[in-house]
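Residue strings, one per chain:
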Amino acid sequence: MATLKLTPYKNVLQGELEVPGDKSISHRAIIFGSLANGTTKISNFLNGEDCLRSIDAFRAMGVSIEQDATNVTICSAGKDKLTEPVEPIYFGNSGTTARLMLGVLAGLPFFTTAYGDPSLTVRPMDRVIKPIQQMGALTDGRSDGGFLPMAVRGGNLKSISYTLPVKSAQVKSAVLLAGLFAKGVTKVTEQTVTRNHTENMMAAFGAGVKVEGNTVYISNKPLYATDVFVPGDISSAAFPLAGAAIVPGSNITIKNVGLNNTRTGIIDALLNMGADITISNEKTVSGEPIGDLTITYKKLKGTVIEGDIIPKLIDELPIIALVATQAEGKTVIRDAGELRLKETDRIEAVAEGLRKLGANLETTKDGMIIHGTSQLTGGHVSSFDDHRIAMMLTIASLIADEEVIIDDISSVSISYPDFFKHLDTLKSTP
Ligand code: S3P
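A brief report on the enclosed structure follows. (Residues numbered from 1 in each chain as written. Predicted model: local features only at pLDDT ≥ 70, side-chain atom pairs only at ≥ 80, totals over all residues. Heavy atoms only, no water.)

**Some words on the overall build of the chain**
Counted only if it meets this: In this description a helix means any DSSP run of H or I spanning at least four residues, a strand means any run of E spanning at least two, and both kinds are numbered starting from the N terminus. Restricting the calculation to C-alpha atoms gives the radius of gyration, and the globule rule supplies 2.2 Å times the number of residues raised to the power 0.38. Only protein chains enter the accessibility calculation, which uses a 1.4 Å probe. A residue is then buried if its area is under 20% of the maximum for its type, exposed if over 50%, and partly exposed in between.
In terms of regular secondary structure, the chain is built from 15 helices and 24 strands. Over its C-alpha atoms the chain spans a radius of gyration of 21 Å, differing by no more than 12% from the 22 Å that the globule rule assigns to 430 residues. For the C-alpha atoms alone, the extent of the chain along its principal axes is close to 60 × 45 × 40 Å. Of all 430 residues assigned to the chain, the portion counted as buried reaches 59%.

**Focus: empty space enclosed by the protein**
The condition is simple: In the cavity and pocket records, a cavity denotes points on a 1 Å grid over the protein atoms alone where a 1.4 Å probe fits but cannot get out, a pocket denotes an open set with protein on both sides within 12 Å along at least 5 of 7 lines, and lining residues are residues with an atom within 4 Å of a point. Grid points are joined across faces, edges and corners, and a volume is the space filled by probe spheres set on the points. Only Asp, Glu, Lys and Arg are considered charged, only Ala, Val, Leu, Ile, Met, Phe, Trp, Tyr, Cys and Pro nonpolar, and every remaining residue, Gly among them, polar.
According to the stated counting rule, one finds one cavity of 30 Å³ or more in the structure shown. Counted as a void, the largest cavity has a volume near 40 Å³. If you trace the largest cavity, you find it lined by D22, I25, H197, P231, I234, G258, L259, N260, R263 and E288. For the lining of the largest cavity, a count of residues per class yields four nonpolar, three polar and three charged.

**Points about the environment of S235**
Using the following cut-off: Throughout, a contact is declared for two residues whenever any of their heavy atoms are within 4.5 Å. In protein, a polar contact means a hydrogen-donor-capable atom and an acceptor-capable atom, both N or O and within 3.5 Å, with residues adjacent in sequence counting only if both atoms are side-chain atoms; elsewhere, any N or O pair within 3.5 Å suffices.
One can find S235 in helix α9 (residues 234-246). Owing to a relative accessible area of 1%, S235 belongs among the buried residues under this scheme. Measuring from C-alpha to C-alpha, the distance between S235 and D308 comes to 18 Å, with 73 residues separating the pair along the chain. Those residues in contact with S235 that lie beyond four places of it in its chain are R263, D315, E316 and R388. In this structure the side chain of S235 is engaged in a polar contact, spanning 2.8 Å, whose partner is the side chain of E316.

**A few points about helix α3 (residues 95-107)**
Worth spelling out the cut-off: By this rule, a helix spans an expected 1.5 Å times one less than how many residues it contains.
With 13 residues, α3 should cover 18 Å at 1.5 Å per step; its first-to-last C-alpha distance of 19 Å lies within 8% of that length. For α3, a buried count of 13 out of 13 residues is recorded, marking the element as mostly surrounded by other parts of the structure.

**Focus on the packing of aromatic side chains**
Keep this limit in mind: Here a Phe, Tyr or Trp ring, Trp counted by its six-membered ring, pairs with any other such ring whose centre lies within 6.5 Å, and the pair is stacked when the planes are under 30 degrees apart, edge-to-face when over 60, and tilted otherwise.
All told, the structure shown has five aromatic pairs when counted by the stated rule. Aromatic side chains Y416 and F419 sit 5.5 Å apart centroid to centroid with 65 degrees between the ring planes, which places their arrangement in the edge-to-face category. For the pair formed by Y416 and F419, the shared burial category is buried. Judged by centre distance (5.0 Å) and plane angle (70 degrees), the ring pair of F419 and F420 falls under edge-to-face. Judged by its relative accessible area of 1%, F419 is buried. Taking relative accessible area as the criterion, F420 reaches 23% and is therefore assigned partly exposed.

**Structural notes on the layout of surface pockets**
The following threshold applies: Where each domain begins and ends follows an automated or database-derived domain assignment.
By volume, the largest pocket is sized at about 500 Å³. Looking at the largest pocket, it is lined by 32 residues, and the ones nearest its centre are Q170, R195, I314, D315 and K342. Looking at the lining of the largest pocket, the elements that each hand over two or more residues are α1 (23-35), α3, α7 (169-179) and α11 (310-313). If you count residues domain by domain, the lining of the largest pocket takes at least three from each of domain 1 (4-21 + 231-428) and domain 2 (23-229). If you add up the space inside the second largest pocket, you get close to 390 Å³. For the second largest pocket, the lining is made up of 22 residues, of which I246, P248, Q326, Q375 and I399 are closest to its centre. Across the lining of the second largest pocket, the residue classes tally to twelve nonpolar, five polar and five charged.

Encoded structure:
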């Protein structure tokens, strides 16, 4: 256990920062680089625990992957040359590795077993298992087949037309990945747009992918290696961004952040709350828009966050809840029941942590109601071994009156290994 004691911080955040590579895009770069023929070079890869699990999974199937911190080189003979793993594959804490790899394993004509850490073991996999079984994959797993550990015998898939019952990019991606191996054209329709990095990257690797409104079509064609630059992760940028939004007098710039409009819900939500955010140096790199975000502290007001914006900020809701404690009036978050199925039940985890620090909020079935503003006190809080909760509580300590003690911060290495170092940089810039 890595306990952290944070003494009250009585100063502003200022300076410039570059956050690590995007987690979702890093996973997909490993997956498509491994399924493609040739050599793929990835730069600005997220060297975090979750993405390392995706590397391990393909190494176990015979792909050569060399990693030097944020640079990764993949040499693969293509998706039809992967080999049956001898040992069970360990997905760790990574829901993205698990869901997307189940889509890949469904297409591969061999037997695989997989397992995860205690958190991933209780997260639902049936949302992915149902469509891949319809395509012809044989699977079984714990608790009637819907949970890890799990076994998959894949291959010989047929295409399907699938309408997503949940707003999940992981499920969409799993079906599209299985579709790369299926006979015919697989069609996936979503009611609400979720992050589209899979579709973007499939196109970059030469796949037969077509997007029409909320429907994606994919056919079985070989993929060809291409180099990938991974933009900074807006979900990691969310933490310093929120810090500057709530610490009076702050002004920071975060450079080269991914600004794909399926991910920028946090910017829209903060703007609705009255934040002063500007975007500059916008460009497109490896098919993804990026830019620099500058935020200057300004008093905030409450807002309503609901409906189609939810998938665009689902991972940012814990930190947005903290910001809402410093916004005048009521902030209502609804339609976010998926938060209960993340690394932990993030509705309860956020509520418990913020309440212990003196915030005033209620939980609902699918969200929270936060009453601002509250002066945060201090206290002993739990991260629930969830990286985003640990980082949210650390940012909360910046405005707390007394010491904040977080029980365990080791999970931060999942998505933002340099988080504490980066935060110190913003604290110490003169
Ligand atoms: C992700 C999709 C989201 C998100 C997760 C990463 C992805 O999950 O919460 O952190 O990379 O596709 P869901 O698809 O379950 O909403």
